[in-house]
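Residue-level structural notes
If you want the building blocks of each chain, they are given just below.
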Amino acid sequence: MVSIEISGPLLIAAAVLGAAWIYRDAKRRAMETADMWAVGFFVAFVLLPVLGGLAVFVFYLQNRNRRRGSPVAVPGE
């Protein structure tokens, strides 16, 4: 059986990059809880390596605000 181990600097780097992406994405979508999502991802990723982080990431993707398209003028009307 093959096992994958992510530990040390690689684990922290992945957690920081994931938290930074979630924070920036949530801020762009005007979510008031952007910082809490980022901290939650970081803590879950470090305490429950990979599975916890992925669970929070999937939950975030399901609950984030959807982007709304910008109004566009229809030609000829």
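Preceding this section is the structure that the text describes.
Just so you know, these numbers come straight off a predicted model, no measurement behind them.

What follows concerns the overall build of the chain. Broken down by element type, the chain carries 3 helices and 0 strands. If you list the helices and strands of the chain from N to C, you get α-α-α. In the chain, which comprises 77 residues, the share counted as buried stands at 26%. Relative to all contacts within the chain whose residues are 6 or more apart in sequence, the contacts with residues 24 or more apart total 59%. Total accessible area computed for the chain in this model is approximately 6,000 Å², and 66% of it derives from carbon and sulfur atoms.

This part is about helix H2 (residues 34–47). Under the 1.5 Å per step criterion, the end-to-end length of H2 is 20 Å for 14 residues, consistent within 8% with the ideal 20 Å. Among all positions in H2, only Ala34, Trp37, Ala38, Phe41, Ala44 and Phe45 are buried. Down the axis of H2, the buried side of the element spans an arc of 140°, and every buried residue falls inside it. Opposite its buried face, H2 presents the exposed residues Met36, Val39 and Leu47, each directed more than 90 degrees away. Looking at the buried side of H2, the elements it contacts are helix H1 (9–28) and helix H3 (51–63).

The rules behind each value
Residues numbered from 1 in each chain as written. Predicted model: local features only at pLDDT ≥ 70, side-chain atom pairs only at ≥ 80, totals over all residues. Heavy atoms only, no water. Helix = DSSP H or I, 4+ residues; strand = E, 2+ residues; numbered from the N terminus. Buried < 20%, exposed > 50% of the residue type's maximum accessible area, 1.4 Å probe, protein only. Contact = heavy atoms within 4.5 Å. Areas by Shrake-Rupley, 256 points an atom, 1.4 Å probe, with all protein chains shown as cover. Expected span 1.5 Å × (residues − 1). Arc of directions from axis to C-beta.

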